[in-house]
Amino acid sequence: MTPEHTPDSILIVDFGSQVTQLIARRVREAGVYSEIAPYTKAAEAFARMKPKGIIMGGGPRSVTDDDAPQAPAEFYEAGVPILGICYGQQVMAQQLGGEVQHGDMGEFGRAFLDIDQDCPLFDGLWQPGERHQVWMSHGDKVTRLAPGFRAVASSEGAPQAVAFDPERRFFGVQFHPEVVHTPDGGRLIANFARHVCGLAGDWTMAEFRETKIAEIRAQVGSGRVICGLSGGVDSAVAAVLIHEAIGDQLTCVFVDHGLLRSGEAEQVVSLFRGHYNIPLVHVDAEEQFLSGLAGVTDPEAKRKFIGKTFIEVFEAEAKKIGGADFLAQGTLYPDVIESVSHTGGPSVTIKSHHNVGGLPERMNMQLVEPLRELFKDEVRDLGRELGLPDAFVSRHPFPGPGLAIRIPGEVTKERCDILRRADAIYLEEIRRHGLYDAIWQAFAVLLPVKTVGVMGDGRTYDSVCGLRAVTSTDGMTADVYHFPGEFLANVATRIVNEVRGINRVVYDYTSKPPGTIEWE
């Protein structure tokens with residue numbers, strides 16, 4: 001797995017589906033490395049990776065549109081297996097001589113497949129004559145198969161719901177095997193990756209570690225690297241990995257921007273200076289960040305200011321240590337996916353991430369982002385592989401912009417201090433009840449709303465605190481964590497009694513989607 005050649009891999013082509021990243025999850029769960037490329041850059045990714053197979057995902061467009069996204073024509077001549085999912089099936093059928101039409105009725109949600117014939121995707125799973133649940137989301141359907149294909153399963157709204165060409169090892173499925181609502185979907189994708197493509201399924205985090213170390217050494221050479229620590233798991237894992245690769249060529253810069261959780265700065269400094277003996281510069285930049293955030297209420301403006309100021313601080317610290325050639329960051333795959341559209345162009349993004357988007361040209365520094373292809377739980381696995389304490393690796397995710405995006409409205413030191421105290425109480429109670437490891441992420445939010453309350457015999461007019469807790473696997477989708485009512489009541493009582501400035505507590509029951517995990 002090097003930047004130039006990743007033969008034991010699967011290339012996943014993104015046509016804009018909201019669940020494309022789940023295909024990568026399923027492939028990696030089968031022990032096979034995968035990368036996602038937007039369809040506009042798929043040919044370039046194929047030439048670089050030289051993968052053993054291709055999966056083409058779904059998308060919101062219709063292949064009947066004049067400007068519908070297409071797969072690179074060379075895919076079909078490359079001699080590697082292809083699996084087309086939903087739009088991927090339809091575009092493959094159309095490009096190879098089949099026909100796709102708008103259906104009289106679409107299928108959305110749970111559907112059932114009738115298995116008509118054997119197929120390599122079904123090995124060990126489905127037999128002819130059986131019926132199995134899948135998850136559909138389509139309006140168009142394949143009405144005539146391309147030459148060489150035969151239908152092997154059908155549904156009420158898609159007579160060619162599964163089709164394949166045994167000679168070229170091309171497969172098309174109208175349903176979405178990547179989502180949990182297709183119970184056997186992960187095993188179907190594993191069959192494609194391992195049985196059809198012939199991959200061993202032995203990709204491990206230990207292999208990733210060794211290969212990334214070699215990549216970092218090749219990229220950096222004798223250069224110096226400055227790594228920005230945010231206080232979260234991602235940047236910490238990136239720093240330890242890079243230090244293992246290049247030793248004292250790395251200097252970490254921990255920016256205490258005044259937007260951290262309670263006790264976080266002390267924990268990070270202790271870990272890096274004491275446990276790992278990694279060169280660390282601790283910068284107190286609270287005044288610089290908070291003064292710049294004064295009066296800023298737009299969440300995107302907050303994120304962009306924080307990202308810009310991080311870069312400025314890194315630039316100043318790099319000069320102090322005699323210059324650096326590279327800036328290392330803990331950028332993850334979900335950061336990249338949320339910040340860059342599937343077209344690779346300037347279309348709508350969910351939100352900007354402070355560590356995605358490159359560097360100012362004036363810095364004359366290159367980025368080192370060794371975690372860019374990983375999901376959060378994979379980063380945790382890598383952290384354990386590197387020997388980081390589990391108590392640190394298992395911490396809930398914390399955003400780079402810190403408390404700034406958990407304080408809708410203006411960010412001030414007073415509001416940060418109020419939120420820090422409320423958040424600490426919330427997490428303390430979660431740990432005390434043994435719930436911390438069952439939750440993906442839990443935190444408090446200080447709302448820009450004041451309400452009337454009564455404390456003792458007096459009237460209060462103070463802020464509202466929102467509590468959030470979700471379960472997830474990789475942070476791309478999330479569901480609310482269902483606390484017992486007694487637990488929430490107890491936390492609310494403690495916060496109101498112990499945190500001056502809060503007189504009301506509410507709980508956020510929104511899943512992702514439609515919401516995001518963070519509030520801003």
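A. Region of interest: the confidence of the model for the chain. Predicted confidence across the chain gives a mean pLDDT of 87, with 91% of residues reaching 70 or more. Predicted confidence for residues 340-358 stays below pLDDT 50, and this span has 49 contacts to residues more than four positions away or in other chains.

B. Focus on the state of the cysteines. Under the definition given, this model contains zero disulfides. Not engaged in a disulfide, the cysteine Cys119 finds its nearest cysteine sulfur in Cys197; these two sulfurs lie 13 Å apart.

C. Spotlight on the packing of aromatic side chains. For the coordinates displayed, the defined rule picks out 17 aromatic pairs. Here Tyr33 and Trp203 contribute two aromatic rings whose centre-to-centre distance is 5.5 Å and whose plane-to-plane angle is 50°, an arrangement assigned as tilted. Within this pair, whereas Tyr33 is found in strand β2 (residues 33-38), its partner Trp203 is found in the loop between α4 (185-196) and α5 (205-220), the two being separated by 170 residues in sequence. Look at Tyr33 and you get buried, because its relative accessible area is 2%. Relative to Phe310, the ring of Phe289 has its centre 5.5 Å away and its plane inclined at 65°; by these criteria the two rings are edge-to-face. With Phe289 in helix α8 (residues 286-293) and Phe310 in helix α9 (residues 299-320), the pair connects residues that are 21 residues apart, well separated along the chain. Here the aromatic cluster, defined as three or more aromatic residues joined through ring pairs, consists of Tyr426, Tyr481, Phe483, Phe487, Tyr507 and Tyr509. Directly above the ring of Tyr436 sits Arg431, whose terminal nitrogen or CZ lies 4.2 Å from the centroid.

How each quantity is defined
Residues numbered from 1 in each chain as written. Predicted model: local features only at pLDDT ≥ 70, side-chain atom pairs only at ≥ 80, totals over all residues. Heavy atoms only, no water. pLDDT = per-residue confidence, 0-100. Contact = heavy atoms within 4.5 Å. Disulfide = S-S within 2.5 Å. Phe/Tyr/Trp six-rings, centres within 6.5 Å; stacked < 30°, edge-to-face > 60°. Helix = DSSP H or I, 4+ residues; strand = E, 2+ residues; numbered from the N terminus. Buried < 20%, exposed > 50% of the residue type's maximum accessible area, 1.4 Å probe, protein only. Lys NZ or Arg CZ within 6 Å of the ring centre and 35° of its normal.

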